[in-house]
Amino acid sequence: MKLPVSQPDPRRPTGRRHTSLLALPGMTLNSTIMPPFPWDWLSVDFTQFQPRLPDAAIDMSVYRQALTERLASEPLWQRQRRIVVAHSFGGMLALDWLSESARVGIRAADAIVLVATTAGPMFDAVQIRLGTIAGREIRVPFKPLMPVWNRSSVTRIVKRLVARSAGTEGSVDFTQVNPPSDVAVDIAGWRNTHWRSMRAYRLAMRGWDRRADLDRLELPAVVLHGGEDALFPVAVAEDLARRLPHAELRIVESAGHVLPLTHGDHVIAAVEDVLHRLDR
């Protein structure tokens, strides 16, 4: 598990020196999908994280515990204002971690920006976007594919087909994917991710659902979603924003699933917004 950490910049305004961001990328991605934040920030990804557990024992608590342990030793995360910026699987992990923390009376962060994500169930939420006909979206459900898709043999074969060359795991620079379409970034993500890590992600999401717990999250939130997201329909974001007590929904019509990479200005604006709400 890699943890890129930016160094504090003394030229930044004093107020920004008291703020830190935690960036949680999607499941096959890394910090390079995030925009150049004007705050000190750190990023945790799980693209090389391989839980040495039986399949039945792998769930979101494994990722939640790993994240909690890593942040406990990170000085940057001890700032006065802590903002989580979470994308796709990263958003699911953030919701799981924040909900569980709130359940035991811990405020693990002060605000959150959720991008292209869901509170569950993930495999019910995923609807692959094929395009539009007469102005109407055509999507197919992903859940029926899961019994085959998550077999070890299938995961290894797909990894082998898209790897292209050895040595790419954990090192893909997603800003170099051109054009940065959802499909192209997904393929690059497979090159970036160990196949065991990919399979563990999906095992952790089986039956995962935090929708009933979201009313505990009494913190400023922005839910960002692309109008052309290839995985999650806009209705998924609408449902998520409705369930969070203090969330604002923002739809970026021209954006797809990798919105932080393609429309980073919207992510930065969302962070600015939750910071203003904290200052009120």
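Residues numbered from 1 in each chain as written. Predicted model: local features only at pLDDT ≥ 70, side-chain atom pairs only at ≥ 80, totals over all residues. Heavy atoms only, no water.

**Q** Before we go on, may I ask you to explain the overall build of the chain in this structure?
**A** Within the chain, the secondary structure is distributed over 11 helices and eight strands. Its C-alpha atoms give the chain a radius of gyration of 18 Å, near enough to 19 Å, the size a compact globule of 280 residues would have. Overall, the chain is about 50 × 45 × 40 Å in size when its C-alpha atoms are taken along their principal axes. Among the 280 residues that make up the chain, the fraction classed as buried is 56%. Taking the contacts inside the chain whose residues are at least 6 apart along the sequence as the reference set, 75% of them involve residues at least 24 apart. Working note: accessible area of the chain is about 12500 Å², and carbon and sulfur atoms make up 53% of it. (Helix = DSSP H or I, 4+ residues; strand = E, 2+ residues; numbered from the N terminus. Rg over C-alpha atoms; globule rule 2.2 N^0.38 Å. Buried < 20%, exposed > 50% of the residue type's maximum accessible area, 1.4 Å probe, protein only. Contact = heavy atoms within 4.5 Å. Areas by Shrake-Rupley, 256 points an atom, 1.4 Å probe, with all protein chains shown as cover.)

**Q** Could you clarify how one ought to interpret the side chain of Ser 197 in this entry?
**A** Within the secondary structure, Ser 197 sits in helix H8 (residues 195-204). For Ser 197, a relative accessible area of 0% gives the class buried. Apart from the residues lying within four places of it in its own chain, the contact partners of Ser 197 are Phe 46, Thr 47, Gln 48, Phe 49, Gln 50 and Tyr 63.

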